[in-house]
Amino acid sequence: MLHSAGYRTEATAVALAREYRSVWRQYLLTLLAIAFMTAFASSHASAGSEDENYRRR
């Protein structure tokens, strides 16, 4: 009896560890997406302002 309970606890621990890694993976992917969008938006805005300065002169 004790042996089967150990497997159940181990299986639960493995499932929780996988869920924990999944949450962290999703968190890191979200941060990466935000960083990419911020970098793209700032580079696009600076490129537009450089074109406007060039046209005025």
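The structure under discussion appears in the preceding block.
Everything numeric here is computed off the predicted structure, so don't read it as measured data.

> I'd love a proper account of the overall build of the protein, names of residues and values included.
When you go through the protein residue by residue, the secondary structure sums to 1 helix and 0 strands. Counting every atom, the protein has about 5,700 Å² of accessible surface; 64% of that belongs to carbon and sulfur.

> Can you explain the packing of aromatic side chains? Please cite residues and give values.
Evaluation of the coordinates by the stated rule reveals 2 aromatic pairs. Considering the side-chain rings of tryptophan 24 and tyrosine 27, the 5.4 Å spacing of their centres and the 90° angle between planes classify their relative orientation as edge-to-face. One end of the pair, tryptophan 24, and the other, tyrosine 27, are both in helix H1 (residues 2–56), 3 residues apart, so they sit about a helical turn from each other. Tryptophan 24 sits in the partly exposed class, given a relative accessible area of 41%. Under the relative-accessibility criterion, tyrosine 27 is labelled partly exposed at 45%.

How each quantity is defined
- Residues numbered from 1 in each chain as written.
- Predicted model: local features only at pLDDT ≥ 70, side-chain atom pairs only at ≥ 80, totals over all residues.
- Heavy atoms only, no water.
- Helix = DSSP H or I, 4+ residues; strand = E, 2+ residues; numbered from the N terminus.
- Areas by Shrake-Rupley, 256 points an atom, 1.4 Å probe, with all protein chains shown as cover.
- Phe/Tyr/Trp six-rings, centres within 6.5 Å; stacked < 30°, edge-to-face > 60°.
- Buried < 20%, exposed > 50% of the residue type's maximum accessible area, 1.4 Å probe, protein only.

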